[in-house]
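Take a look at the letters that make up each chain.
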Amino acid sequence: MAKELLIQALSEALTRAQTAGDIPENAAAEVELQTPRDPRHGDLSTGLAMVIASETGRPAREVAETLLRHLQLPEGLVDDISVAGPGFVNFTLSAAWLRGIVRRVLDQGERYGRSEVGGGRSLLLEFVSANPTGPLAVVQGRAAAVGDTLANLFERIGWRVSREYYVNDATNSTQVQRFAETLDARYLQQLGKDASVPEDGYQGEYVVDMAAELVAAEGDRYLEMPHAERLTALYEYCLRQIVASHKRDMLAFGVEFDTWFMESSLHENDEVARAMEALKEAGHSYEADGAVWLRATELGDEQDHVLIRSDGRPSYLAGDIAYHKNKFERGFDRLIDIWGPDHQGHVKRTKAGVQALGYDASRFEILIHQIVRLFRGSEMVRMSKRAGDIVPLAGLVEDVGPDAARFFFLMQSMDSQLDFDLELAKKQANENPVYYVQYAHARICSILREAEERGVRLPQPDAVNLDRLEAPDELGLARKLGDLPDEIQQAAERCETHRMTRCARELGAAFHSFYTNCRVLNDDAELTAARLSLVQAVRTTLRIVLDIIGVSAPEKM
RNA sequence: GCGCCAGUAGCUCAGCUGGAUAGAGCACCAGACUUCGGAUCUGGGUGUCGGGGGUUCGAAUCCUCCCUGGCGCGCCA
């Protein structure tokens, strides 16, 4: 807000200076403002004069002074402007402006930080999309936390967001068949028959449990079926259970999808066949070695990829291309997929497929998050669905709770791998930063409760004299509240969800510091009212941030 | 061999569309409350920002080469 106003004023100043001939016309610099690390350098700072100086060969400080002569700022925005160092122009926001932020938060309430930059455009966000061959693992939690938070962020800035989960349930897929064979073996074993899990099958114990449940529910009625038929029947039964468990796990984690998209529906509706036909007509596929290939090399990939196997079954890629065609046909303005790091190699070929169908690839982004490594103490836990060592997400959520789990997953950039120590997360749950932030919220609620008990009336926004807020901690806190709208927008536009946890912690820190130094309920009624207003604004802001990352804001802890 | 990600304080990581003296949390040490919740606050950092070269007023940030680690490179998904 303040940033936009300053950028505009600076741009106008530059134009005026150029019109007046004080700065050469050819100096075309874009105005950028940053928050200086050192608070002595003000609240906002620009290196504009230095850029112009290097373009025109004039001394930077002189250019800065020239800019300032032409600068006309909105009334009451800035207290101090200075030219510093090699030619920085530093601005210090006025106390009145900072108090205005508090008033704005009180006025806007939950709507604070919302914007319409998205313009009501539609976004399909696909994430998690784990194979239906077992329970959701801890890694999926990272995708879920990031995806859901990103969806919240985009909704905040005016996009219409749809959350989608893609279920790879195509029964002709090799992995599903492998899984079905494993299930079959476990089923037979449950019924006392001699059978063994195929070598490339799923070794995990959870398949044994599934088979046991199957027997408990359905008995031996599949036993007499022909082998192929039994495989299908067993799998279809378990598919329902698995998808249901995924839905349950996601819900327990606080994530609700708008659609669960079944890959099988693409095959049943001939959408895969139609997509393949379209690729062929567009000249982007060819036959070789009895298979049909995507000419991905012509669209930026290193190699071509099989679309239809020589036995006639479509590949995973074929289904995925048809799936993304379907997404575009549903009319979304923008698609974002969040994938795990093992799918990194699929980015180029999927984009190539989308492009080959004639869709605008710039409307389709694929974000890759890095792995989650699990530790029990110092021992690393190997995770592989087929090897069977799954650490289920549901167990983690039960252990540390959805709040701590989500916060933890969101604390670092999705580009870096995440080490999750299960013991530490359990044992030292109290030290998890999520509590620091939640405690700030609970403390505020406690103050407000206390005020009520003492019969202190909560101030009417119009009647409060916010001028009484003048301590550094008070104004610093207000400044933090003012950062939120820009933070939300940046986090959404750059798809950087970890910015929100940082934002939450900084907000909490600013509040805790304020709390220590400024007594809210005091003998001065006017000051008490002003501080109660500030505290209410902080509560609103904290709730917004916590809501975005999907963490609860408890009133008591 | 090729591709993607990472390499920053003892540990875990921010900072990366170039800005001033490179930050936070944890751990460790020392302090702070007769009053609103001590799950708090305050103070304490000698870091080859993996290494070399380049670009420029200015590089952790951009380019390039190299080193190390993770992940991927299938007519699996």
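The residue numbers shown here count from 1 along each chain, following its written sequence. Going through the entries in the order they are written, you letter the chains from A and number the ligands from 1. Residue-level local features of this predicted model are given only where pLDDT is at least 70; pairs of side-chain atoms are given and counted only at 80 or more, and the full residue set underlies all totals for whole chains, interfaces and linings. To get the side-chain values, all heavy atoms of the structure are used, and hydrogens and water are removed first.

### Section: the overall build of chain A
- Strands here are runs of E lasting at least two residues and helices are runs of H or I lasting at least four, both read from the DSSP assignment and numbered beginning at the N terminus. In terms of helices and strands, chain A carries 18 helices and 14 strands.
- Along the first, second and third principal axes, the C-alpha atoms of chain A reach 85 × 65 × 40 Å.
- Out of the 557 residues belonging to chain A, those deemed buried represent 51%.
- When the accessible surface of chain A is summed, it comes to about 25,300 Å², and 46% of that surface belongs to carbon and sulfur atoms.
- Of the side chains in chain A, 62 bear a positive and 87 a negative charge, and the two mean positions are spaced by 3 Å. With a 1.4 Å probe rolled over the protein chains alone, any residue whose accessible area is under 20% of its type maximum counts as buried; one over 50% counts as exposed, and the rest are partly exposed. Surface accessibility follows the Shrake-Rupley procedure with a 1.4 Å probe radius. Residue values consider only the protein chains on display as shielding. Only four residue types enter the tally: Lys and Arg on the positive side, Asp and Glu on the negative side; His and the chain ends are excluded. Just so you know, the charge point we use is NZ for Lys, CZ for Arg, CG for Asp and CD for Glu.

### Brief notes about the protein's contact with RNA strand B
- Definition of nearness: a residue and a molecule or strand are near each other if at least one heavy atom of the residue lies within 4 Å of the molecule or strand. Of all residues adjacent to RNA strand B, which total 63 residues, the nearest are Arg37, His346, Asp415, Tyr436 and Arg494.
- The sugar-phosphate portion of RNA strand B accounts for 60% of its atoms within 4 Å of the protein, the bases making up the rest.
- Measuring from a phosphate oxygen of RNA strand B, one finds a backbone N or O atom of Tyr316 at 3.1 Å.
- Here a polar contact means two N or O atoms within 3.5 Å. Within protein one must be a hydrogen donor candidate and the other an acceptor candidate, and residues neighboring in sequence count only if both atoms are side-chain atoms. Measuring from a base oxygen of RNA strand B, one finds a backbone N or O atom of Met557 at 3.2 Å.
- Sorting the residues of the surface near RNA strand B by element identifies helix H2 (48-56), strand S3 (88-93), helix H6 (174-190), helix H15 (433-453) and helix H17 (498-517) as the ones contributing at least two each.

### A short note on the sheet that holds strand S8 (residues 291-294)
- Any two strands with at least two DSSP-identified bridges between them are counted as paired. Reading across the sheet, the three strands line up as S7-S8-S9 and stay open at both edges, with antiparallel pairing between neighbours. Taken across any chain shown, the strands that pair with only one partner, and hence form the sheet edges, are strand S7 (285-288) and strand S9 (305-308). Put simply, the sheet's adjacent strands are angled 45° from each other on average, direction ignored.
- Strand direction decides the pairing type here: S8 and S9, joined by three bridges, are antiparallel. Paired with Trp293 across the bridge in S9 is Val306.
- Across the sheet, helix H11 (residues 316-329) lies against S8 and S9, angled at about 75° from S9, the strand it touches most. Between the N-to-C directions of two axes lies an angle of 0 to 180 degrees, each axis being a line fitted to C-alpha atoms and, for a helix, fitted only over the stretch in contact. In what follows, a contact means two residues having at least one pair of non-hydrogen atoms within 4.5 Å.

### Topic: the packing of aromatic side chains
- Stacked, tilted and edge-to-face are the three classes applied to pairs of Phe, Tyr and Trp rings, where Trp contributes its six-membered ring and a pair requires centres within 6.5 Å; stacked means planes under 30 degrees apart, edge-to-face means over 60, and tilted covers the rest. A full pass over the atoms with the stated rule returns 17 aromatic pairs.
- Geometrically, the ring pair formed by Tyr166 and Phe261 is tilted, given 6.2 Å between the ring centres and 40° between the ring planes. Taken together, the positions of Tyr166 in strand S5 (residues 160-167) and Phe261 in strand S6 (residues 259-262) put the pair 95 residues apart, joining distant regions of the chain.
- Pairing Phe179 with Tyr202 gives two aromatic rings, centres 5.4 Å apart and planes at 90°, and the pair type is edge-to-face. Of this pair, Phe179 sits in helix H6 while Tyr202 sits in the loop between H6 and helix H7 (205-218); the two residues are 23 residues apart in sequence, bridging distant segments of the chain. Assigned by exposure class, Phe179 and Tyr202 land together as buried.
- Three or more aromatic residues joined by ring pairs form one cluster here, namely Phe127, Tyr165, Phe257 and Trp260.
- By definition here, charges over rings are those cases where NZ of Lys or CZ of Arg is within 6 Å of the ring centre and within 35 degrees of the ring normal. Here the guanidinium or amino end of Arg104 rests over the ring plane of Trp97, the centre of that ring lying 5.4 Å away.
- Looking at Arg406, its charged tip hangs above the ring of Phe253, at a distance of 5.5 Å from the centre.

### Some details on the domain arrangement of chain A
- By convention here, the domain bounds are inherited from an automatic or database domain assignment. One can read the domain layout of chain A as domain 1 (2-93), domain 2 (174-240) and domain 3 (429-549).
- Inter-centroid distance (C-alpha atoms) of domain 1 to domain 3 is 32 Å.

### Thoughts on the sheet that holds strand S13 (residues 379-381)
- With mixed pairing, the three strands of this open sheet are ordered in space as S13-S12-S14. At either margin of the open sheet sits one strand with a lone partner, and together these are S13 and strand S14 (418-421). Shown here is a sheet whose adjacent strand axes are inclined to one another by a mean of 35°, direction ignored.
- One ladder, built from four bridges, connects strand S12 (residues 372-376) with S14; its direction is parallel. Within S14, the residue paired with Leu374 across the bridge is Phe420.
- Against the sheet, helix H13 (residues 393-410) touches S12 and S14, its axis set at about 150° to S14.

### Some details on the pattern of salt bridges
- A side-chain nitrogen of Lys or Arg and a carboxyl oxygen of Asp or Glu constitute a salt bridge if their distance falls within 4 Å. Evaluation of the coordinates by the stated rule reveals 30 salt bridges.
- Residues Arg163 and Asp148 are paired through a salt bridge, measuring 2.8 Å at the closest nitrogen-oxygen approach. Highlighted residues: Arg163 in strand S5 and Asp148 in helix H5 (residues 138-156), separated in sequence by 15 residues.
- Note on Arg163: relative accessible area 8%, which makes it buried.
- The exposure class assigned to Asp148 is buried, which follows from its relative accessible area of 5%.
- Taking the shortest distance from any N to any O, the salt bridge between Glu506 and Lys480 comes out at 3.2 Å.

### Looking at the environment of Glu4
- When you line up the elements, Glu4 lands in helix H1 (residues 2-19).
- Of the residues examined, Glu4 reaches a relative accessible area of 43% and is grouped as partly exposed.
- Expressed as a C-alpha distance, the spacing of Glu4 and His267, which sit 263 residues apart in the sequence, is 50 Å.

### Observations regarding the state of the cysteines
- The disulfide criterion is simple: two cysteine sulfur atoms within 2.5 Å. Enumeration according to the criterion identifies zero disulfides in this entry.
- Just so you know, Cys445 is unpaired, no disulfide at all, and the nearest cysteine sulfur is the one on Cys503, 18 Å from it.
- On the basis of relative accessible area, Cys445 is assigned to the buried category, the value being 4%.
- Its sulfur unpaired, Cys495 is 17 Å from the next cysteine sulfur, which belongs to Cys503.

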